[in-house]
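Each chain is listed here by its residues.
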Amino acid sequence: TISCADDEAGQIIDTNLTTFDIIADSENHNTLEQLLIDTGLDQTLDNGTFTVFAPHDEAFNQIDLANFNSDELTQLLLNHVLTGNAESTDFNNSYILTNATETVSGNENTINSYVNVDGGIVVNGISNVTISDLEASNGVVHVVDAVIPIPDLTTFVSADPRFSNLQSALSRDDQPDFLNLLSDFDVQAPFTVFAPTNKAFVDLLAELELEAIDDINTAVLTSALNTHILDNSNLREEDMNTETLSTLGSSIDLDASTLTITDQNDRMANIIITNIQAGNGVIHAIDKVILP
């Protein structure tokens, strides 16, 4: 058996080791090893094929584990585990399914993570793969430099570059604290967010004959952003009906058969990505900004 320090030196991995064995054998993963044992997930990782993002000990020093009860700790750890064998070359800029489930909606939907490979492998915009492709007999382990928390909706708005214009709009100084709202797990959660892509905002500016998002009238932007958000709702594609939805702003008409939204100005937006599941709600990407 060898440690992750040995892996960095290029020594050969013993692929008879399971994913848990690799973690247990590492001198830099004592905290993760103990947490997996405490939650019983060590047994899980020995039965099945898994990809594990393994935070090293220093990464766990950055969070207070006392804030987590047993169930929360289990979900936090499962947020680092994918079913199947995903080596570094298998990742691209996309959403992946973890083994964690959300608890806010009551339906235990499986939570996503967003992987960006533009400059190395980065998970949810915060956790970098520092050592990849530690091959096991039942999968693969990737060492990461930060613990990956259960994502809230703002995690994906921030991590997915296709939503950078939306993030700019939500965080504009003259707007309500949308980012705080959409990171909440309590009173109004879960949320369903119809998230316009960057191109949707570019098209909106052309439609309104404006130069930049900062040029959009304060009240218009507030009303528009509210109209993209449903509170106390985790509306996934499989649960959609053709119906009128009441958002935080105006009502919108959803056609489940065509995955389209019609706003009060008879403008139609297509839902182009569905079921991006966070811990406190779900995002569907749309190709047009909804205007009340």
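Higher on the page you've got the structure.
Thresholds, definitions, all that
- Residues numbered from 1 in each chain as written.
- Predicted model: local features only at pLDDT ≥ 70, side-chain atom pairs only at ≥ 80, totals over all residues.
- Heavy atoms only, no water.
- Buried < 20%, exposed > 50% of the residue type's maximum accessible area, 1.4 Å probe, protein only.
- Helix = DSSP H or I, 4+ residues; strand = E, 2+ residues; numbered from the N terminus.
- Pairing = 2+ DSSP bridges.
- Contact = heavy atoms within 4.5 Å.
- Polar contact = N/O pair within 3.5 Å; in protein donor to acceptor, adjacent residues only side chain to side chain.
- Axes fitted to C-alpha atoms, helices over the stretch in contact; angles between N-to-C directions.
- 1 Å grid on protein atoms, 1.4 Å probe; cavity = no way out; pocket = protein on both sides within 12 Å on 5 of 7 lines; lining within 4 Å.
- Points joined across faces, edges and corners; volume = space filled by probe spheres on them.
- Nonpolar A, V, L, I, M, F, W, Y, C, P; charged D, E, K, R; others polar.
- Salt bridge = Lys/Arg side-chain N within 4 Å of Asp/Glu carboxyl O.

Chemist: Whenever I open this one, the pairing of strand S1 (residues 50-55) confuses me. Can you help?
Modeler: Regular strands place their side chains on alternate faces of the sheet. Buried residues dominate S1, accounting for 6 of its 6 residues. The pairing of S1 with strand S7 (residues 139-144) spans 6 bridges and is classified as parallel. Of the residues in S7, the one forming a bridge with Thr51 is Val140. Looking at chain direction, S1 and strand S2 (residues 81-83) are connected through 3 bridges and run antiparallel. When the bridges of S2 are listed, Val52 appears paired with Val81.

Chemist: What's the story with unusual backbone geometry in this structure? I'm lost.
Modeler: Backbone phi values are negative for most residues with the exception of glycine, while trans is the configuration of most peptide bonds. A cis amide bond links Ala189 with the next residue in sequence, Pro190, at an omega value of 0°. Residue position: Pro190 is located in the loop between helix H9 (178-182) and strand S8 (191-196). Despite not being glycine, Asn275 has its phi angle at roughly 60°, a positive value. Tracing the sequence through the fold places Asn275 in strand S13 (residues 268-278).

Chemist: Sorry if this is basic, but what is going on with the side chain of Asn124 here?
Modeler: Position of Asn124 relative to the elements: it lies in the loop between strand S5 (122-123) and strand S6 (127-136). For Asn124, a relative accessible area of 4% puts it in the buried group. With near-sequence residues (within four places) excluded, Asn124 lies in contact with Ser113, Tyr114, Ile148, Pro149, Pro151, Thr155, Phe156 and Ala159.

Chemist: Help me understand helix H11 (residues 218-226), please; the structure alone is not making it clear to me.
Modeler: In an α-helix, one turn spans 3.6 residues; hence positions three or four apart end up facing the same way. If you check which residues of H11 are buried, you get Leu221, Thr222, Ala224, Leu225 and Asn226. The inward-facing, buried residues of H11 contact helix H8 (164-170), H9 and strand S9 (229-231). Backbone nitrogen of Ala219 and a side-chain oxygen of the N-cap are separated by 2.9 Å at the start of H11; the cap is Asn217.

Chemist: What is the right way to look at the sheet that holds strand S12 (residues 260-262) in this model?
Modeler: Note: strands within a sheet are paired through backbone hydrogen bonds, in either parallel or antiparallel orientation. Here we have 7 strands laid out as an open sheet, ordered S9-S8-S14-S13-S12-S11-S10, and mixed in their pairing. Two strands close off the open sheet at either side, each with one partner strand: S9 and strand S10 (243-246). Taking the axes of each pair of neighbouring strands and ignoring which way they run, one obtains an average angle of 30° across the sheet. Across 3 bridges, the pairing between S12 and S13 is antiparallel. Note that in S13 the partner of Thr260 across the bridge is Asn270.

Chemist: I tried to follow the layout of surface pockets on my own but got confused; where do I start?
Modeler: The gaps of empty space that remain are located by a probe, the size of a water molecule, rolled over the atoms. A volume near 350 Å³ is recorded for the largest pocket. Looking at the largest pocket, it is lined by 17 residues, and the ones nearest its centre are Phe68, Glu72, Gln75, Ile150 and Phe185. A total of 4 residues in the lining of the largest pocket trace back to one element, the largest contributor, which is helix H6 (residues 70-78). In terms of residue class, the lining of the largest pocket is built from 9 nonpolar, 4 polar and 4 charged.

Chemist: When you look at the sheet that holds strand S3 (residues 94-101) in this model, what are you seeing that I'm missing?
Modeler: Taken in spatial order, the 7 strands make up an open sheet running S2-S1-S7-S6-S5-S4-S3, and their pairing is mixed. One side of each edge strand has no neighbouring strand; the edge strands of this open sheet are S2 and S3. Contacts between H6 and the sheet are confined to S2 and S3, with S3 contributing the most and set at about 150° to the helix.

Chemist: I would appreciate a short explanation of the pattern of salt bridges in the present structure.
Modeler: Pairing is possible between side chains that carry opposite charge, provided their charged atoms lie close to one another. Scanning all chains against the criterion turns up 6 salt bridges. The residue Arg162 makes a salt bridge to Asp160 at a minimum N-O spacing of 2.9 Å. Look at Arg162 and you get partly exposed, because its relative accessible area is 32%. Residue Lys199 pairs with Asp203 through a salt bridge whose shortest N-O separation is 2.9 Å. Of the two residues, Lys199 and Asp203 are both situated in helix H10 (residues 198-208); the distance of 4 residues between them amounts to about one turn of the helix. Under the relative-accessibility criterion, Lys199 is labelled exposed at 57%.

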